[in-house]
Amino acid sequence: MSFRTTGLLLLCVVVAGGLFWWSRSMGGPAPKPSDGPPLIPGKLLAVEVAFASRDYKVQRDGNGWSQTSPQYAPLQAEAGRAWVDAVAALRPLQEVQPGVADVPGLAELALAPPVANVTVITNGGAVELALGDQTLAGTGYLRLDDGRVLLVPDALHNLVYGPPPTSQLADVLPLPPLASLDLVTFTRGRDTVTLHRLPAGWSLRPDALERVRFEVLDGLRQLTDDTPILRHRDSADGATQDLARYGLQPPRASLTFAGPDRPTFTLEMGRSAAVEQGAMFARLSRDATPGPIVALPLERTKIAFAPLQQFRDPRLFEAAADQVTELRIASTGTPNAVDVTLRDTGAGLAYLDPGAMPDASADQLLAAVLALRSTGPIPGELALGEDPIPRFTIQLSCGVTRSVDVNLYRTPSGWFAQRSDELDPTDVTEATMRRLLVSLPGDATSP
């Protein structure tokens, strides 16, 4: 036998032996899937991952998932589902004894030290895992906190060893819907206005109802309703972010959203985006943990710049005309004035007593009532005096149960109104009050 032939035979033996050892160390053929229960049962709440040089945490965040450490970053829905599926796939395929017989030791399996330490948090508690090497058979090694080493499907290994979570940033702003919030705070420089949810609706006061105008609430609903993220400008894992470059140091405006059993979100607004026309730079933080800089549609963010001094609802009645089922106006302090009642007939509002009909139609009278406006609340003792007597009492009913009463007063300082569900009276503009007076029967315009 020639030297060359002998050498080739020896090489084949070495390669075959090496492949045999490598196949054993890399898991060999894929074991049959286990029909047993998952290694970590329960609803997945969060996963903490720690490498030698970095760590991060992903967790459920409202209806989605986010990275919450070291920086906040809302994630796509698919990213959250991938973590749920990977943990659900953790089923023991085989228990191995490192260093026994021909099984590689812990160091060779990348378990001493492990490539990564993973804490899986479910509604049943926390489980510590050490992740090691993967095989070419779609499996990987892990060590439990009790020292056991298992061969498992490597879906979790692929996630942990793959791109960081921030490579799958969300494409919508993950703000809680307005209906789930209790407080919304607007900040513009040193000026701050806080909206409070009360049983009767949103208020500018925490202790009594001072209604917020519809346009403000509508703007907040739009902002918190899946506002699209047009572009992510910076990675949330970056060590520093050039906030001044995006008009965020300091921010031009900010909104803080708080709700029961929810994290507090702060949305800071910067400058307009030059590349994305009709967009604005912003940064969303969760519980004071800053997130990435994003470009948001300008149309959705303009509510952050609404005039803070104009947040109070100037209407005496916020109902729409087609919602009103009954309107009663009683004259308690006006000579020769006649009480009137409008009631829904099924074909619209009509006068209950045709003999009390003024020149104005039912629709015109209702429009005059709904047009009543004020410029702001005034302490009662200053506006109405010590023993006020209303000139008119207006009762407006909507639907089956909703009813609002308003007393109208005439003083040397002008007209004032007191709603039954608000603490302080408000003034009433002369123009809107004159429109009502000329629509009423009798001598309602008498001083």
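Residues numbered from 1 in each chain as written. Predicted model: local features only at pLDDT ≥ 70, side-chain atom pairs only at ≥ 80, totals over all residues. Heavy atoms only, no water.

(A) Representation of the pairing of strand β10 (residues 183-188) in the model. One ladder, built from six bridges, connects β10 with strand β11 (residues 191-198); its direction is antiparallel. Pairing of F186 across the sheet is with V193, part of β11. Pairing geometry for β10 and strand β14 (residues 253-258), over five bridges, is antiparallel. Counterpart to V184 in the pairing with β14 is F257. (Pairing = 2+ DSSP bridges. Helix = DSSP H or I, 4+ residues; strand = E, 2+ residues; numbered from the N terminus.)

(B) Quick look at the layout of surface pockets. Counted as a void, the largest pocket has a volume near 510 Å³. Lining the largest pocket are 26 residues, and of these D61, G62, N63, G64 and P174 sit closest to its centre. Those elements giving two or more residues to the lining of the largest pocket turn out to be β2 (55-61), β3 (64-69) and α2 (77-88). For the lining of the largest pocket, a count of residues per class yields 13 nonpolar, six polar and seven charged. Volume-wise, the second largest pocket comes out at about 350 Å³. When contributions to the lining of the second largest pocket are tallied by element, the ones reaching two or more residues are β11, β12 (201-203) and α4 (214-224). Broken down by element, the lining of the second largest pocket gets its largest block of residues, three residues, from α4. Residue composition of the lining of the second largest pocket, grouped by class: ten nonpolar, one polar and nine charged. (1 Å grid on protein atoms, 1.4 Å probe; cavity = no way out; pocket = protein on both sides within 12 Å on 5 of 7 lines; lining within 4 Å. Points joined across faces, edges and corners; volume = space filled by probe spheres on them. Nonpolar A, V, L, I, M, F, W, Y, C, P; charged D, E, K, R; others polar.)

(C) Representation of α4. The complete set of buried residues in α4 reads V216, L217, G219, L220, L223 and T224. The buried residues of α4 occupy an angular sector of 160° when the element is viewed end-on, so they sit on one face. D226 occupies a position one or two residues after α4 and carries a positive phi of about 50°. (Buried < 20%, exposed > 50% of the residue type's maximum accessible area, 1.4 Å probe, protein only. Arc of directions from axis to C-beta.)

(D) Helix α6 (residues 362-370), seen in detail. Turning to α6, its buried residues are A362, L365, L366, A368, V369 and L370. Those residues of α6 that are buried lie in contact with β18 (324-331), β19 (340-344), β20 (349-351), β21 (392-398) and α8 (430-437). (Contact = heavy atoms within 4.5 Å.)

(E) Focus on the nonpolar core. One finds V184, F186, L195, F257 and L267 to be the most contacted residues of the largest nonpolar core, which totals 32 residues. For this core, the elements supplying multiple residues, two or more each, are β10, β11, α4, β14, β15 (265-272), β16 (279-286) and β17 (289-297). If one sorts the elements of this core by residue count, α4 sits on top with four residues. Filtering out sequence-adjacent residues up to four positions away, F186 remains in contact with D191, T192, V193, L195, V216, L220, S254, L255, I303, A304, L308 and F311. Residues F317, W415, V428 and L440 belong to the second largest nonpolar core, which totals 31 residues. (Core = buried A, V, L, I, M, F, W, Y, C linked by side-chain atoms within 4.5 Å.)

(F) Representation of the packing of aromatic side chains within the structure. Summed over the entire model, instances satisfying the criterion amount to four aromatic pairs. Ring geometry for F186 and F311: centres 4.8 Å apart, planes at 75°, overall edge-to-face. Taken as a pair, F186 in strand β10 and F311 in the loop between α5 (298-301) and β18 lie far apart in primary sequence, 125 residues in all. Taking the relative accessible area as the measure of exposure, F186 reaches 1% and is therefore buried. Look at F311 and you get buried, because its relative accessible area is 1%. (Phe/Tyr/Trp six-rings, centres within 6.5 Å; stacked < 30°, edge-to-face > 60°.)

(G) Structural detail: empty space enclosed by the protein. All told, the structure shown has three cavities of 30 Å³ or more when counted by the stated rule. As a volume, the largest cavity reaches approximately 90 Å³. Taken together, R205, L209, E210, R211, R312, D313, P377, E422, L423, D424 and T426 make up the full set of residues lining the largest cavity.

(H) Representation of the environment of G414 in the model. Here G414 is to be found in strand β23 (residues 414-419). In this structure, the C-alpha to C-alpha distance between G414 and E430, residues 16 residues apart in sequence, is 7.6 Å. Contact partners of G414, with chain neighbours within four places excluded, come to Y409 and E430.

(I) Focus on the sheet that holds β19. Ordered in space as β20-β19-β18-β21-β22-β23-β24, the seven strands form an open sheet in which the pairing is antiparallel. The sheet is open, and its two edges are formed by β20 and β24 (426-428), each paired on a single side. For this sheet the average axis-to-axis angle between neighbouring strands, irrespective of direction, equals 25°. Both β19 and β20 contribute to a ladder of three bridges, which runs antiparallel. If you follow D344 over to β20, its bridge partner there is L349. Set on the sheet, α6 makes contact with β18, β19, β20 and β21; between it and β18 the angle comes to about 80°. Its contacts with the sheet put α8 on β18, β21, β22 (402-411), β23 and β24, and the angle it makes with β23 is roughly 80°. (Axes fitted to C-alpha atoms, helices over the stretch in contact; angles between N-to-C directions.)

(J) Expanded view of the sheet that holds β3. Pairing in this open sheet of nine strands is antiparallel, and the strands run β4-β3-β2-β1-β6-β7-β8-β9-β5 from one edge to the other. One side of each edge strand has no neighbouring strand; the edge strands of this open sheet are β4 (73-74) and β5 (94-96). Where α2 meets the sheet, it contacts β1 (44-50), β2, β3 and β6 (116-122), and its direction lies at approximately 90° from that of β1.

(K) Representation of the pairing of β19. Examined bridge by bridge, β18 and β19 share four bridges and lie antiparallel to one another. Within the sheet, the bridge partner assigned to R328 lies in β19 and is T341. The loop that links β19 with its antiparallel partner β20 comprises four residues; one of these, G346, has a positive phi angle of about 100°.

(L) Summary view of the pattern of salt bridges. As enumerated under the stated definition, the model contains 21 salt bridges in all. Close ionic contact of R419 with D421 constitutes a salt bridge, the shortest N to O distance being 2.8 Å. Owing to a relative accessible area of 4%, R419 belongs among the buried residues under this scheme. Of the residues examined, D421 reaches a relative accessible area of 24% and is grouped as partly exposed. One network of salt bridges, with partners in common, ties together R211, D313, R315, E318, R402, R419, D421 and E422. (Salt bridge = Lys/Arg side-chain N within 4 Å of Asp/Glu carboxyl O.)

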